[in-house]
Amino acid sequence: MKSKKNWNDFIASKKFKYTLFTIAVIAVGILLCTSDSISTTLYGEDNPEAKGKVLATYLSIIGGACVIYGLYLNNKKIGEQTRQNNIAEKTNLDKRFGDAVGYLNSDNDGIAIGGAYALFQIAKEDKRYKSIVANIFCDFISANFSSGNKIRLIGVVKELLFQNLDTVFLETELTLRNISFEKNDRFHGKVNIGFKDCSFEGVVFNMLEFTRFESCKINKSHLIDCNKIDIIRSEISGISIRNLSMPTKEVNLVDNIYLGQVEIYAQTIIGTLYIGSTATSFDDDFVDKRIVVYTDCENRIEINDRCKKIVSIKKGTFYRR
């Protein structure tokens, strides 16, 4: 029984297959070398070296096949080694990421700043981490900004995040809460970004894919060539929306308090510019046009009845920076 099992195992093994293949190769070689018809057909009946040439040709074919098979095995080995290296690299990167998050939450500013730079480097090296790191940075700023602590660290994190929206953190989705932004803060890049309970003083937003302001305070700020904009339940003291080098896809102004003027320059509107209900207090004698729209696409504008008296639409006049 044991010998039968060993024989079955041998038959099922690669060694048996290689043995059969070798026997087959030898058998074919013998057949070719001893066959008069093959040598005569290939090299002529009167050629005394015909069988030798047949053998040489056959050996050349076998040698070429062995070279190709050797290259295949080598390529397979390299592929497996590459796979193992990628696994090791991913494991190493995961460990670096875990360590960096721990460093960022350190009470020591130097260590925490090192953790921020380590996370940024990981996001640069592996795109799988860019959204994760971006949201860690957003949560960190949102959680610590109002406390007045970690001012230096927050400044580093803001710089790493906001100055790389168009490179490392391109096409990410971000949410920021309870933060005050000033004129030194700029947002540039194809990202989706939402602000809640934030304040803005002289801030520039440039070429964002989608930006949403909810319950924010906005003054003297500029949105330039942004694809889609939502401003909801916010207090606006002054803002300009300028889409001159690219069409305006969508702008929604809903339930806002307009304390100052909103200027919208939308030369071409391919979607909708919607001015919804407003929380601005005014009576029938209120004539101040708080929202001025410069456009050639008046048919793309929808205005809530309550807002019509504070909206002015002007054609063919555009402001270029």
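The structure this text deals with has already been given above.
Residues numbered from 1 in each chain as written. Predicted model: local features only at pLDDT ≥ 70, side-chain atom pairs only at ≥ 80, totals over all residues. Heavy atoms only, no water.

Draft legend 1. Representation of helix α5 (residues 109-125). Taking 1.5 Å per residue as the helical rise, α5 with its 17 residues ought to reach 24 Å, and the 24 Å between its terminal C-alpha atoms agrees with that figure. Inspection of α5 places A112, I113, G115, A116, L119, F120, I122 and A123 among the buried residues, and these make up the whole buried set. Two or three places before G110, at the opening of α5, N108 has a side-chain oxygen 2.9 Å from that residue's backbone nitrogen. (Helix = DSSP H or I, 4+ residues; strand = E, 2+ residues; numbered from the N terminus. Expected span 1.5 Å × (residues − 1). Buried < 20%, exposed > 50% of the residue type's maximum accessible area, 1.4 Å probe, protein only. Polar contact = N/O pair within 3.5 Å; in protein donor to acceptor, adjacent residues only side chain to side chain.)

Draft legend 2. Structural detail: the sheet that holds strand β5 (residues 199-201). The five strands are arranged β2-β5-β8-β11-β14 in an open sheet whose pairing can be described as parallel. Single-partner strands in this sheet number two, and they are β2 (180-181) and β14 (257-258). Here β2 runs beside β5; their pairing, made up of two bridges, is parallel. Considered in β5, the bridge of S180 is made with S199. (Pairing = 2+ DSSP bridges.)

Draft legend 3. Quick look at the environment of T278. Of note, T278 is situated in the loop between β16 (269-275) and β17 (291-295). The class of T278 is buried, set by a relative accessible area of 8%. Sequence separation of T278 and L253 is 25 residues, and the distance between their C-alpha atoms is 8.5 Å. Beyond its immediate sequence surroundings of up to four residues, T278 is in contact with D255, N256, Y258, R306 and C307. (Contact = heavy atoms within 4.5 Å.)

Draft legend 4. Spatial organisation of the sheet that holds strand β3 (residues 186-188). In space, the seven strands of this open sheet follow the order β3-β6-β9-β12-β15-β17-β19, with parallel pairing throughout. In the strand order of this sheet, the two ends are held by β3 and β19 (311-314), each with one partner. The sheet shows a mean angle of 10° between the axes of neighbouring strands, taken without regard to direction. Of the pairings in the sheet, the one linking strand β12 (residues 239-243) to strand β15 (residues 262-266) comprises five bridges and is parallel in character. Each residue of the ladder has a partner; that of I239, found in β15, is V262. (Axes fitted to C-alpha atoms, helices over the stretch in contact; angles between N-to-C directions.)

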